[in-house]
Each structure stands twice: as structure tokens, then as C-alpha cells.
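# Observations on the three-dimensional arrangement
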Amino acid sequence: MSKEKFSIIKSTAVPLPNENVDTDQIIPARFLKATTREGFGENLFRDWRYDASNQPVKDFVLNNPTFKGRILVAGKNFGCGSSREHAAWAIHDYGFRVVVSSFFADIFKNNALNNGILPVVVTDHFLKELLENILQHPETEITVDLENQVIAFGGKHETFEINPYKKSCLINGYDDIDYLLSMKDEIRTFDLEHAWIEG
């Protein structure tokens, strides 16, 4: 599945300072029956967003119109638990394109990258400052520059790491197959140049 190209995102953010958020909290198991990526956003953090009577929980951040944007700023150890790719689907379908935390579970991190979401790993100190700033000033605009691997807000900035291959895929809007197709001329040239070796 090809995705939108990712270069620089400037957006306000939704703060979720909870630590150790697992994939069952991101998208509960009872919603995993669908096989397409669409429609999962409405059940993102379902058991936190709605009570037993299916009414919105007033103090949950996604139900608070004060906070909005394409960036989710989460507590440490986001995406732990089971390996379900549906967690990334739900986050993307809701509209988030960046998730910021000081630590991500490896499987979630890879699933996010494979589904057009940039997981930005920052230091604990930077994360603390960022969360405090958003909570006090919801209008704070955060800039995430993938090309230069920098996240910035309010005069503060920090660099982040990303796998070069995944970076290229996000910038070009490629999934793994798109990436291979983009290299078909180089692959054909390589085959022709090395055909004599097998002959």
C-alpha cells in the first residue's frame, strides 16, 4: 500500500502521558476482526474513550476538543504488548502521522513505519518538557522535519534516529513493494551486467 509522502509536519499535538501503553489499550482485541486498514480509528483507545454505557469519557484527551493535531505525544514505552499491526492501523486511521515517545516497543515501531507513521524517539527530558508545554499551551506547534531528523517546539529542538531505508520509504510514500519497483531500472541493469557470469 502506497502512502502519502512525508517531509515536514507542523502541527499541534495530543498529549497522552501514560506510560507502558500496550497494543490492547491502543486497539482492544474485540475489534480485530476486520482485515482492511480502514475504520480502526473510531476504536482507537476505545476502552479509555468510552465508558461501559458507550458514552464518551469526558476527561479522556481524545474527547477534549482543546487538544488536536496530527502528532500524538505519548509516555515512555508506547506500543508494548502483542505484535498486532492493527494498533498502527488505528493510529493512522484516526489521523496521527507522528507519535513521539522516549521509548517504543520494537514491533510496534516497525509496524508504525510500515504504515506511514513516524515514531520519533526523544530523551526523557525532552519528552517531559514537550508534554508539559502541550498541557499548558495546547496551541503549541511542533515541527517534525524527517529529512533533517529534527523535532522542534518553542525554541527547543532535538535530533532523532531512523533507519535510512524506512526514512526513504516515508519521504517517497513507498511501501516495500513500491521501493523495489522504484529500483526496477537499476535491477534490470544489474541483471544484464552480471548475466555473463552465469552464462
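Just above sits the structure.
If you're wondering where the values come from, they're calculated on a predicted model, not measured in any experiment.

### A closer look at the packing of aromatic side chains
- As enumerated under the stated definition, the model contains nine aromatic pairs in all.
- Taking 5.6 Å as the distance between ring centres and 5° as the angle between the ring planes, the aromatic pair formed by Phe45 and Trp48 counts as stacked.
- Ring geometry for Phe45 and Phe60: centres 6.0 Å apart, planes at 65°, overall edge-to-face. Note that Phe45 is positioned in the loop between helix H1 (23–26) and helix H2 (46–49) and Phe60 in the loop between H2 and strand E3 (71–74), a separation of 15 residues in sequence. The same class applies to Phe45 and to Phe60, which are both buried.
- An aromatic cluster is built from Phe45, Trp48 and Phe60, whose rings are joined through pairwise contacts.
- One Lys or Arg, Arg46, reaches over the ring of Tyr50 and ends 4.2 Å from the middle of that ring.

### A few points about the nonpolar core
- By size, the foremost hydrophobic cluster in this structure holds 52 residues, and its most contacted members are Phe78 and Leu118.
- Residues in contact with Leu118, not counting those within four places in the same chain, are Phe6, Arg97, Val98, Val99, Leu113, Val144, Leu146, Phe160, Ile162 and Leu170.

### A look at the sheet that holds strand E2 (residues 13–16)
- Taken in spatial order, the four strands of this open sheet run E2-E3-E4-E5, and their pairing is parallel. Edge positions in the sheet fall to E2 and strand E5 (118–121), since each of these pairs with one other strand and no more. Each strand of the sheet is rotated relative to its neighbour by a mean of 20°, with strand direction disregarded.
- Sheet topology note: the strand E4 (residues 98–101)/E5 ladder contains four bridges and is parallel. Looking at E5, one finds that Val98 is bridged to Leu118.

### Regarding helix H5 (residues 124–136)
- Here H5 is 13 residues long and its end C-alpha atoms lie 18 Å apart, about the 18 Å a rise of 1.5 Å per residue gives.
- Looking at H5, one finds that the buried residues are Phe126, Leu127, Leu130, Leu131 and Ile134. One side of H5 carries all its buried residues, which in axial view fall inside an arc of 130°. Among the exposed residues of H5, those pointing more than 90 degrees away from its buried face are His125, Lys128 and Gln136.
- The elements touched by buried residues of H5 are E2, E3, E4, strand E6 (142–145), strand E7 (150–153) and strand E8 (156–159).

### Quick look at helix H4 (residues 106–114)
- Where H4 is concerned, the buried positions are Phe108, Asn111, Ala112 and Leu113.
- Against the buried residues of H4 lie H1, helix H3 (86–94), E5 and helix H6 (164–172).
- Looking one or two residues past H4, Gly116 carries a phi angle of roughly 80°, positive in sign.

### Notes on the environment of Tyr94
- Along the chain, Tyr94 turns up in helix H3.
- Tyr94 sits in the partly exposed class, given a relative accessible area of 32%.
- Sequence separation of Tyr94 and Phe40 is 54 residues, and the distance between their C-alpha atoms is 7.5 Å.
- Dropping the residues within four chain positions of it, Tyr94 is found in contact with Gly41, Leu44, Arg49 and Leu62.

Scoring rules and cut-offs
Residues numbered from 1 in each chain as written. Predicted model: local features only at pLDDT ≥ 70, side-chain atom pairs only at ≥ 80, totals over all residues. Heavy atoms only, no water. Phe/Tyr/Trp six-rings, centres within 6.5 Å; stacked < 30°, edge-to-face > 60°. Helix = DSSP H or I, 4+ residues; strand = E, 2+ residues; numbered from the N terminus. Buried < 20%, exposed > 50% of the residue type's maximum accessible area, 1.4 Å probe, protein only. Lys NZ or Arg CZ within 6 Å of the ring centre and 35° of its normal. Core = buried A, V, L, I, M, F, W, Y, C linked by side-chain atoms within 4.5 Å. Contact = heavy atoms within 4.5 Å. Pairing = 2+ DSSP bridges. Axes fitted to C-alpha atoms, helices over the stretch in contact; angles between N-to-C directions. Expected span 1.5 Å × (residues − 1). Arc of directions from axis to C-beta.

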